[in-house]
Amino acid sequence: MRNEDGSPWQTLSLHNQSRNTLSFILTQPLWQTTPKLFLHRADSTDLAELRMTQAPFPMPAHQVSIKLEAGEKVSLYLQGKHLPQTLWKTSWWISWTQQQSTVMLLLLGSELALLLVLGLLSLVPKTRTPLTAIALLSLFALLPFLYPQTSINTLLPLWPLSLALTQALVNYRLYYSAALIPSLRTTLIIITFFSITVSVAALILPIISQTQILSVLLAGCFISSLALLQLFMKRQESEWLLLAGLQLLTAIIANALSSGPELESITFITSLPLLMATLVLLYLCQKLNQPTSHKLNAKATLKEIVRHKEAYLLEERYELLLNQQRELELQHKLLQEKNAIDFLTGLRNRQFFDERFKSELSRSARESTPISLLLIDIDHFKTVNDRYGHRVGDEVLKVVAKRLYYVLKRPSDAVCRYGGEEFAIILPNTHGQGALHIAELILNTIRAKPVITAQGNIHCAVSIGIASTVHSFHQPESRLIEDADKALYRAKENGRGRIELAPAKPYVVKDERSMQA
């Protein structure tokens, strides 16, 4: 079944299965156009047209009453752009509307009283500010939804302009704050101008949707909130929190009005202008509590101005010095990292090794965890230099260093160029067997492929010495290096291209008492 304009009819079937007569109320928000509504009773062939009437003030709703006798079946046929949303039992509807009407009357009365107070305060020079118009603008944005007595199509597009002007008044206060970042000040100007332009265009061009308007308003609230947060973090003044509350309430109202508020939430929406008026009143009260300049003599006023100026200059100087310190720390860190690199192999150099080795020994003693050290020497490297030249020798060093680097998987492991053709690997929290496994991987990786150079392929091998311990603060720091160096020497003496593990012997510390014994 379709209407004359081609839109489909919707059907709602009701069946009273009780033995009593039941009465229902079908409701629709007042800001929506009423649909065509017909009632068909099961015992009749006629269609009765039902007309929705306006609910008693101040409830913004259309309503129509439907009565069902015991066992009666009825069908409702509805057609229109907006259909009724809620079917109430009559007793529930009456009780709910009485409660909501009482609350709404109290809210509206409070809002009018606050508007009167704000109007009187705006006459006082000290509290004269454009922010007093915010509460009136927010209430005006809700009027088309609460009392749409005239054309809906004419009134509805006014709410974006009201909320855009509300944002503009808050941004006006932010714009003249000296502590605001210049980039945020420029962004506020752009977004405020854009919001007002889109809101005015929505009055003329119907192609601008409510969703597009909402997106612009929410973007303005977000940017303004960033500016308020920056000012509050810098100055710790409560007025920025009050203004942030105004922007938050503006965003809530815009989100609710963009799609039309539900009838059940109209009381909450009505309370938002009251909250905004309260925040503006608190802002004005804060300004009233500030001492006026005419109560201070000229000398005290001059001292206060000088004190504020000095504090502002000190704050700027402090921020400048802080930024310079951060830049110096960054440059120092970059310089340290640069100085810790061996430019031939790209690995860490001996300076880095000495610092890292001491740090890991201290951690081993502090946490009672094992630490292992690998000393690696390229076999017959002097022969390579003598036969092929130092340039080829450098290529061999680079390839070996690269293979050592890719064998290690943990970020805590450190491979360094120890000197000449020697390399050292620090393995924190690693016992002897774990270090032996890493050494075998290195040995096999170096042997697996020859080094390709301009003078031909060169087969390389390495000798590795391993030492492991759980360090103690009573032990000298050089012990682990000495043990690894002795193991490396044995590896070369026993034929090269092999691994030697230093024996794990306890280190005995002799003091005066042991000597006397």
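Criteria and cut-off values
- Residues numbered from 1 in each chain as written.
- Predicted model: local features only at pLDDT ≥ 70, side-chain atom pairs only at ≥ 80, totals over all residues.
- Heavy atoms only, no water.
- pLDDT = per-residue confidence, 0-100.
- Contact = heavy atoms within 4.5 Å.
- Phe/Tyr/Trp six-rings, centres within 6.5 Å; stacked < 30°, edge-to-face > 60°.
- Buried < 20%, exposed > 50% of the residue type's maximum accessible area, 1.4 Å probe, protein only.
- Helix = DSSP H or I, 4+ residues; strand = E, 2+ residues; numbered from the N terminus.
- Pairing = 2+ DSSP bridges.
- Patch = residues over 30% accessible without salt bridge, like charges linked within 9 Å, V, L, I, M, F, W, Y side chains within 5 Å.
- Areas by Shrake-Rupley, 256 points an atom, 1.4 Å probe, with all protein chains shown as cover.
- Salt bridge = Lys/Arg side-chain N within 4 Å of Asp/Glu carboxyl O.
- Core = buried A, V, L, I, M, F, W, Y, C linked by side-chain atoms within 4.5 Å.
- Axes fitted to C-alpha atoms, helices over the stretch in contact; angles between N-to-C directions.
- Parallel < 35°, antiparallel > 145°, perpendicular 65-115°, else oblique.
- Left-handed = near helix turned anticlockwise from the far one by under 90°.
- Nonpolar A, V, L, I, M, F, W, Y, C, P; charged D, E, K, R; others polar.
- Arc of directions from axis to C-beta.

Turning next to the confidence of the model for the chain. Across the chain, pLDDT averages 80, with 87% of residues at or above 70. Confidence drops under a pLDDT of 50 for residues 150-156, and excluding neighbours within four residues, the segment shows seven contacts in the predicted structure. Predicted confidence is poor over residues 293-297, with pLDDT under 50, and the contacts of this stretch with residues over four places away or in other chains come to two contacts.

A complete count under the given rule lists six aromatic pairs for this structure. Relative to Tyr 406, the ring of Tyr 405 lies with its centre 5.4 Å away and its plane at 85°, an arrangement referred to as edge-to-face. By relative accessible area, which is 48% here, Tyr 405 ends up partly exposed. Taking relative accessible area as the criterion, Tyr 406 reaches 53% and is therefore assigned exposed. Joined through ring pairs, the aromatic side chains of Trp 88, Trp 93 and Trp 96 make up one cluster.

So, about the pairing of strand S10 (residues 414-419). In terms of burial, S10 is a largely internal element, five of the six residues being buried. The pairing of S10 with strand S11 (residues 422-428) spans five bridges and is antiparallel. Paired with Ala 414 across the bridge in S11 is Ile 426.

In this section: the pairing of strand S6 (residues 61-68). With six of its eight residues buried, S6 lies for the most part within the structure. Pairing of strand S2 (residues 22-29) with S6, which is carried by eight bridges, proceeds in the antiparallel orientation. Paired with Ile 25 across the two strands is Ser 65, which belongs to S6. Relative to S6, strand S5 (residues 53-54) runs antiparallel, the two being bridged by two bridges. Each bridged residue has a counterpart across the sheet, and for Gln 54 the counterpart in S6 is His 62.

Glancing now at a nonpolar patch on the surface. Judged by side-chain polarity, Val 200, Leu 203, Ile 204, Leu 205 and Ile 207 come together as a nonpolar surface patch covering roughly 480 Å² of accessible area. With respect to the element layout, Ile 207 can be found in the loop between helix H5 (182-204) and helix H6 (210-235). You can call Ile 207 exposed: its relative accessible area is 70%.

This part takes up the pattern of salt bridges. A full pass over the atoms with the stated rule returns twelve salt bridges. Two residues, Asp 354 and Arg 350, come together in a salt bridge whose shortest N-O distance is 3.3 Å. Of this pair, Asp 354 and Arg 350 both sit in helix H10 (residues 350-367), four residues apart, which is roughly one turn of the helix. Residue class for Asp 354 comes out partly exposed when judged on its relative accessible area of 33%. Arg 410 serves as the salt-bridge partner of Asp 413, at 2.7 Å between the closest nitrogen and oxygen.

This part covers the nonpolar core. Residues Ile 134, Trp 159 and Leu 246 are the most contacted members of the largest nonpolar core, which totals 52 residues. Excluding residues that lie within four positions of it along the chain, Leu 246 makes contacts with Ile 134, Val 170, Met 276, Leu 279 and Val 280. The next biggest cluster of nonpolar side chains, apart from the first, holds 31 residues, and it includes Leu 404, Ala 435, Ile 438 and Ala 439.

It is worth spelling out the environment of Leu 408 at this point. By the secondary structure assignment, Leu 408 is in the loop between helix H12 (390-407) and S10. By relative accessible area, which is 13% here, Leu 408 ends up buried. Excluding anything up to four places from it in sequence, Leu 408 contacts Asp 413, Ala 414, Val 415, Ile 425, Leu 427 and Ile 438.

Okay, the packing of helix H1 (residues 90-121) against helix H8 (residues 266-289) next. Relative placement of two packed helices is described by the angle separating their axes and the distance separating the axes. Two numbers describe how H1 lies on H8: the axes approach to 9 Å, and their chain directions differ by 25°. Classified by the angle their axes make, H1 and H8 are roughly parallel. For the element pair H1 and H8, the recorded crossing hand is left-handed. Touching Gln 100, Val 103, Met 104, Leu 107, Leu 108, Ser 110, Glu 111, Leu 114, Val 117, Leu 118 and Leu 121 of H1 are Ile 266, Thr 267, Thr 270, Ser 271, Pro 273, Leu 274, Ala 277, Thr 278, Val 280, Leu 281, Leu 284 and Leu 288, all from H8. In terms of residue class, the contact of H1 with H8 is built from 16 nonpolar, six polar and one charged.

What follows covers the sheet that holds strand S14 (residues 462-469). Strand pairs in the sheet, formed through backbone hydrogen bonds, run parallel or antiparallel to each other. With respect to topology, five strands assemble into an open sheet ordered S10-S11-S9-S14-S15, the strand pairing being mixed. Edge strands, defined here as strands with exactly one partner in the open sheet, are S10 and strand S15 (499-501). Averaged over neighbouring strand pairs, the angle between their axes works out to 20° when direction is ignored. Contacts from helix H13 (residues 432-448) reach strand S9 (371-378), S11, S14 and S15 within the one sheet, and its direction differs from that of S14 by about 170°.

The backbone phi angle of Asn 429 is positive, close to 55°, even though this residue is not glycine. Mapped onto the fold, Asn 429 is located in the loop between S11 and H13. Looking at Asn 429, the relative accessible area reads 55%, which means it is exposed. Phi at Arg 496 takes a positive value of approximately 60°, unusual for a residue other than glycine. Mapping Arg 496 onto the fold places it in the loop between helix H14 (479-493) and S15.

Attention shifts here to the environment of Leu 161. By the secondary structure assignment, Leu 161 is in helix H4 (residues 158-175). In contact with Leu 161, not counting residues within four places along its chain, are Ser 199, Val 200 and Leu 203.

For the rest of this paragraph, the subject is helix H11 (residues 381-388). Listing the buried residues of H11 in full gives Phe 381, Val 384 and Asn 385. For H11, the angular spread of buried residues about the axis comes to 95°, placing them on one side. H11 presents Lys 382, Asp 386 and Arg 387 as exposed residues on the side facing more than 90 degrees away from its buried surface. Of the surrounding elements, those touching the buried residues of H11 are S9, H12 and strand S13 (456-458). Phi for Gly 389, located one or two positions after H11, is positive at around 100°.

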